[in-house]
Amino acid sequence: MAIREIIKYPDPLLRKKASPITEFNAELKELVADMAETMYAAPGVGLAANQIGVLLQIVVIDVSPKDDKNKLIPLINPEILEGEGSVIDEEGCLSVVDYAANVERFSQIKVCARDLEGREIEFEADGWFARVIQHEVDHLNGKLFIDHLSSLKRALYKKKRKKQLLIEEQERAENND
Ligand code: NI
């Protein structure tokens, strides 16, 4: 297992669509183990493969309380079949640094996915779990939570991020002097 680097906005890989998994082999299990380790180390409650630069339809989720670890849910080729209701809550993302905003999501969803062995699973989710699934499935489609915000809010975040990257660049240059 290894902790992978989480890529950050505005990396173009975050905007690419992930491809479905067709082979459920040891390589997939290793990738999922790396993703889980990366997510727990961050720490986060969900991670999509795009976020470590791998364009495959894999997400890992763990919304269990902190003292109740290792309730990992890997979803391969996840798809939201149905959604109903609407709920607004604050969201953040490991790839969208230093930012959180209210996002409207379905309150209840029906999900179809494969497990690590390639078996089809179908289940219903609500609450925080449903929100995290919707957020991660968005990633697989090249979408970020900031895409759900008003264009004004998104523009403000872009500006803030640009400034942040500029400062980081200046610091790097200074350290190299
Ligand atoms: Ni995210």
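Residues numbered from 1 in each chain as written. Predicted model: local features only at pLDDT ≥ 70, side-chain atom pairs only at ≥ 80, totals over all residues. Heavy atoms only, no water.

1. As for a negative patch on the surface
Line of reasoning, step 1. Residues E84, E122, E124 and D126 make up a contiguous surface patch of negative charge.
Line of reasoning, step 2. Considering each element in turn, the negative patch owes the most residues, 3 residues, to strand β7 (residues 120–126).
Line of reasoning, step 3. Classification of D126 by relative accessible area gives partly exposed; the value is 47%. (Patch = residues over 30% accessible without salt bridge, like charges linked within 9 Å, V, L, I, M, F, W, Y side chains within 5 Å. Areas by Shrake-Rupley, 256 points an atom, 1.4 Å probe, with all protein chains shown as cover. Salt bridge = Lys/Arg side-chain N within 4 Å of Asp/Glu carboxyl O. Lys, Arg positive; Asp, Glu negative; His and termini not counted. Charge placed at Lys NZ, Arg CZ, Asp CG, Glu CD. Helix = DSSP H or I, 4+ residues; strand = E, 2+ residues; numbered from the N terminus. Buried < 20%, exposed > 50% of the residue type's maximum accessible area, 1.4 Å probe, protein only.)

2. With respect to the coordination of the nickel ion
Line of reasoning, step 1. Protein ligation of the nickel ion involves C93 (SG), H135 (NE2) and H139 (NE2), the donor distances falling in the range 2.1 to 2.3 Å.
Line of reasoning, step 2. Donor residues binding the nickel ion come from one chain and are separated in sequence as C-x41-H-x3-H. One end of the pair, C93, is in strand β4 (residues 87–93); the other, H139, is in helix α2 (residues 127–140), with 46 residues separating them in the sequence.
Line of reasoning, step 3. On the basis of relative accessibility, which here comes to 12%, the residue C93 falls in the buried class. (Donors = N, O, S within 2.8 Å, 3.2 Å for Na, K, Ca; no water.)

3. Side note on unusual backbone geometry
Line of reasoning, step 1. Note that the residue after Y9, namely P10, is joined by a cis bond; omega there is 10°.
Line of reasoning, step 2. Locating P10 in the fold gives a position in the segment before α1 (26–41).
Line of reasoning, step 3. With an omega of -10°, the peptide bond between A42 and P43 qualifies as cis.
Line of reasoning, step 4. Structurally, the position occupied by P43 is in the loop between α1 and β1 (46–48).
Line of reasoning, step 5. Not every positive phi belongs to a glycine, and N77 is a case in point at roughly 50°.

4. A few points about the sheet that holds strand β3 (residues 73–84)
Line of reasoning, step 1. Across the sheet, which stays open at both edges, the 5 strands sit in the order β1-β2-β3-β6-β7 with antiparallel pairing between neighbours. Lying at the two open borders of the sheet, with one neighbouring strand each, are β1 and β7. On average, each strand axis in the sheet is tilted by 40° relative to the strand beside it, whichever way the strands run.
Line of reasoning, step 2. With respect to the sheet, α1 is in contact with β1, β2 (58–61) and β3, its orientation differing from that of β2 by roughly 45°. (Pairing = 2+ DSSP bridges. Axes fitted to C-alpha atoms, helices over the stretch in contact; angles between N-to-C directions. Contact = heavy atoms within 4.5 Å.)

5. Considering the environment of I3
Line of reasoning, step 1. The residue I3 is located in the segment before α1 in this model.
Line of reasoning, step 2. I3 sits in the exposed class, given a relative accessible area of 52%.
Line of reasoning, step 3. Distance from I3 to L72, taken between C-alpha atoms, is 16 Å for residues 69 residues apart in sequence.
Line of reasoning, step 4. Among all residues touching I3, those that are not within four sequence positions of it are E37, T38 and A41.

6. Here we look at the environment of G92
Line of reasoning, step 1. Relative to the assigned elements, G92 resides in strand β4.
Line of reasoning, step 2. For the pair G92 and L47, spaced 45 residues apart in the sequence, the C-alpha separation amounts to 12 Å.

7. Quick look at a nonpolar patch on the surface
Line of reasoning, step 1. Among the surface-exposed residues, V45, V63 and W128 lie close enough to one another that they form a single nonpolar patch of about 230 Å² accessible area.
Line of reasoning, step 2. Considering the arrangement of structural elements, one finds V45 in the loop between α1 and β1.
Line of reasoning, step 3. For V45, a relative accessible area of 36% corresponds to the partly exposed category.

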